[in-house]
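# A look at the structure
Read off the chains here:
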Amino acid sequence: MNEHPLDDMLATRCAAASPSASFEASIARALEPIEHAPGSRTAAASAPRPNRRNTNARNVARPRWQQACRAAAAVAAIALCVGGTAYAAEKLGLSLWQTDKYQVQVEPPVDENAGPATGDGQDQLIDEYRLTFSYIPERLSRHTMDVATGSFDEPGYAGWSQFAPSIQYYTYYVDTDQAAPFSSIDDSEIIEIGDHEAALLTFDYGMRNSKRQTQTCLYMAFPEERRIVKIQTSDDDLSEELLKVARGMTFEPTGQTVPADSMFTWSDAISSSEYDANRVAERATASSVDPLCVFEGRGLTDGQMGDFLATGQTFPLPYNDTMSAVVTSVQLHDTAEIVNRDEMPFGWRELIDEDGAIADNPLTFVKYGDGQSTTDTVLRQIQSPLKLVEVTMTLTNTGADTQDNIYCPLSLEAAVHEQGAWSQYRRVEECPEADEAQNALHVGTGRSGYVELVEDGTVGSVDAKLGPFAPGETKTARFLWLVNADECDKLLLDIDPDGVNGDDGGNYADGTWGSRFIDIRQPQ
């Protein structure tokens, strides 16, 4: 029997307490600094890999007094278990821990007395702050979306702004202390930027267009304003600049309040990261079947295919039957001298030199990773020669009114005709363990080409809008693709890739599939 009645009560209550799984996880995290302290048995096994980038931000090692406080908080929480309920200890800063080889969680600091919301439900108001910067990289210009969201972009990428080197920033109102899970993480650490803590994450998004896609992302905590700023770049050359931008970030109160639900919140960040993680994981297990290819899983017989359209045969455009079209010629080129370099698709600029010479395509066979315990693996890469495919078409307005913004979708399909049936050509089958065969950006079949309205000089992607066309007016359009040379004997031109003119909302009846294709197969 204990000497004091209080001891008896605590012993009785604690003996009956049944801590929840979430409570036990919190205790484990609280004790983690002790378990992973220098010299401990688990330190060497679970220590994060060092970040070898040359940054001016320094790694933060938790001071021993913080480690002691966390351990004391855990012990206090255990001692105060009454009826299975634990009294939560105050957080001591931004938290980061690893949950799998390529997965981490980031937990925000929350000061309940800082920037509280007023009102209830959808009427909650919070203080508004303007995010200001004392440093902007010289090569970039700022684009502000609102007082707390925007980007710094390098000018000179007209028409291809999505590929411009840039730094983006987003502000989250911290509405919860729940941790956000992040997958596809190659490196992670807590760093100190001025008086603020930040989680510096390097994402490895795997292989895209035969290149490994990475992103540097910083989550910087502003506890007094109840804000976290996410600042990110996918350009390796801007990683150092990102840290300089972060050092100059401050919040200025506007003196106004805004509805809490009008802002990005930390709950939004959690939902977004969970969605991204699920998408990557599903990609690793999903079928590689292309649902947009008419041949996939169909194996159309010659009878089902029917007769192809012929070069020189007139057909109506699928989205505007007032416009008629005729494919007049199909040519293959070994060089790209006919392409305006300033207007060509962005991905072509790395493959076509100033004289129009075309480099080989780095065709890459990839095994997908799940972003948690595995990442994308390159199984094989070959240098595949390319050809420039040129399709020339005349377009005529047969109506009485001027036609403008004409959508003229054309798509290339690589198809194989064997034993009286048509099927999609699947390059990936050359490497049985691969999930995908990747071309360079804007290379290959599909709609990844370029269109030029010759008379007007209008240039754009294959999905570009053309015009205007006066009544009875005819103009010539030139469509271009970069395609692997050994696929040119398999090419069909799809004049209705969306299936607009098919029966039953786009499903062509047996014996009519060929009416949407022109056979442009070129002998090797």
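These numbers were taken from a predicted model, which means no experiment stands behind them. (Residues numbered from 1 in each chain as written. Predicted model: local features only at pLDDT ≥ 70, side-chain atom pairs only at ≥ 80, totals over all residues. Heavy atoms only, no water.)

### Some thoughts on the sheet that holds strand E18 (residues 377-384)
The strand order E18-E17-E23 describes an open sheet built from three strands, whose pairing is antiparallel. Strands at the two margins of the open sheet, each flanked by one partner only, are E18 and strand E23 (436-438). Across the sheet, the mean angle from the axis of one strand to that of its neighbour is 20°, orientation sign disregarded. When strand E17 (residues 361-367) meets E18, the two strands line up antiparallel, connected through seven bridges. (Pairing = 2+ DSSP bridges. Helix = DSSP H or I, 4+ residues; strand = E, 2+ residues; numbered from the N terminus. Axes fitted to C-alpha atoms, helices over the stretch in contact; angles between N-to-C directions.)

### Some points on the pairing of strand E7 (residues 166-173)
In terms of residue burial, E7 counts as a mostly covered element, since seven of its eight residues are buried. Note: strand E6 (residues 149-153) against E7, four bridges, orientation antiparallel. The residue of E7 that forms the bridge with Ser-151 is Gln-168. Relative to strand E12 (residues 227-233), E7 runs antiparallel, the two sharing six bridges. Considered in E12, the bridge of Tyr-172 is made with Ile-228. (Buried < 20%, exposed > 50% of the residue type's maximum accessible area, 1.4 Å probe, protein only.)

### Brief notes about the confidence of the model for the protein chain
On average, the protein chain scores 79 in pLDDT, and the residues at 70 or more come to 74%. The low-confidence segment residues 1-23, where pLDDT is below 50, has 17 contacts with residues more than four positions distant or belonging to other chains. (pLDDT = per-residue confidence, 0-100. Contact = heavy atoms within 4.5 Å.)

### Section: the nonpolar core
Ranked by internal contacts, the top residues of the largest apolar core, which has 29 residues, are Phe-315, Met-393, Leu-395, Leu-466, Phe-479, Trp-481 and Leu-493. Counting residues per element, the ones that place at least two in this core are strand E15 (314-317), strand E16 (320-333), strand E19 (386-397), strand E24 (450-453), strand E27 (474-484) and strand E28 (491-494). Excluding residues within four positions of it along the chain, Met-393 makes contact with Phe-315, Ala-325, Val-326, Val-327, Thr-328, Cys-408, Leu-410, Lys-475, Thr-476, Ala-477 and Phe-479. (Core = buried A, V, L, I, M, F, W, Y, C linked by side-chain atoms within 4.5 Å.)

### Quick look at the sheet that holds strand E8 (residues 180-183)
Here we have three strands laid out as an open sheet, ordered E2-E3-E8, and antiparallel in their pairing. Each having just a single partner strand, strand E2 (95-100) and E8 make up the two edges of the open sheet. Each neighbouring strand pair of the sheet contributes to a mean axis angle of 25°, computed without reference to strand direction. Bridge count between E2 and strand E3 (residues 103-107): five bridges; the pairing is antiparallel. Following the sheet pairing, Gln-98 is matched in E3 by Val-104.

### Quick notes on helix H6 (residues 266-285)
The end-to-end C-alpha distance of H6 is 29 Å, a good match for the 28 Å that 20 residues give at a rise of 1.5 Å each. Looking at H6, one finds that the buried residues are Trp-266, Ala-269, Ile-270, Ser-273, Ala-277, Val-280 and Arg-283. Along the axis of H6, the buried positions cluster into a sector of 160°, meaning they face one direction only. Along H6, exposed side chains directed more than 90 degrees from the buried face belong to Tyr-275, Glu-282 and Thr-285. (Expected span 1.5 Å × (residues − 1). Arc of directions from axis to C-beta.)

### A few points about the pattern of salt bridges
Tallying each qualifying case throughout the model produces 18 salt bridges. One salt bridge in this structure joins Asp-494 and Arg-516, with 2.7 Å as the shortest N-O distance. Note that Asp-494 is positioned in strand E28 and Arg-516 in the loop between helix H8 (503-506) and strand E29 (517-519), a separation of 22 residues in sequence. Exposure remark for Arg-516: the relative accessible area of 3% places this residue in the buried category. When salt bridges with common partners are traced through the structure, they connect Arg-427, Glu-430, Asp-486 and Glu-487 into a single cluster. (Salt bridge = Lys/Arg side-chain N within 4 Å of Asp/Glu carboxyl O.)

### Re the packing of aromatic side chains
Tallying each qualifying case throughout the model produces 15 aromatic pairs. A centroid spacing of 4.9 Å and a plane angle of 85° characterise the contact between Phe-222 and Phe-251, whose relative ring orientation is edge-to-face. Taken together, the residues Phe-222 in strand E11 (residues 211-222) and Phe-251 in strand E13 (residues 249-259) connect sequence positions 29 residues apart. Side by side, Phe-222 and Phe-251 carry an identical accessibility label, which is buried. An angle of 85° between the planes, with centres 5.3 Å apart, marks the rings of Phe-308 and Trp-422 as edge-to-face. Here Phe-308, found in the loop between helix H7 (302-305) and E15, pairs with Trp-422, found in strand E22 (residues 421-424); they are 114 residues apart in sequence, far enough to count as distant. The class for Trp-422 is buried, based on a relative accessible area of 4%. One aromatic cluster is present, built from ring pairs that chain together Tyr-170, Tyr-172, Phe-182, Phe-203, Tyr-205, Tyr-219, Phe-264 and Trp-266. The ring of Tyr-368 has Arg-283 lying over it, and the distance from NZ or CZ to the ring centre is 3.7 Å. (Phe/Tyr/Trp six-rings, centres within 6.5 Å; stacked < 30°, edge-to-face > 60°. Lys NZ or Arg CZ within 6 Å of the ring centre and 35° of its normal.)

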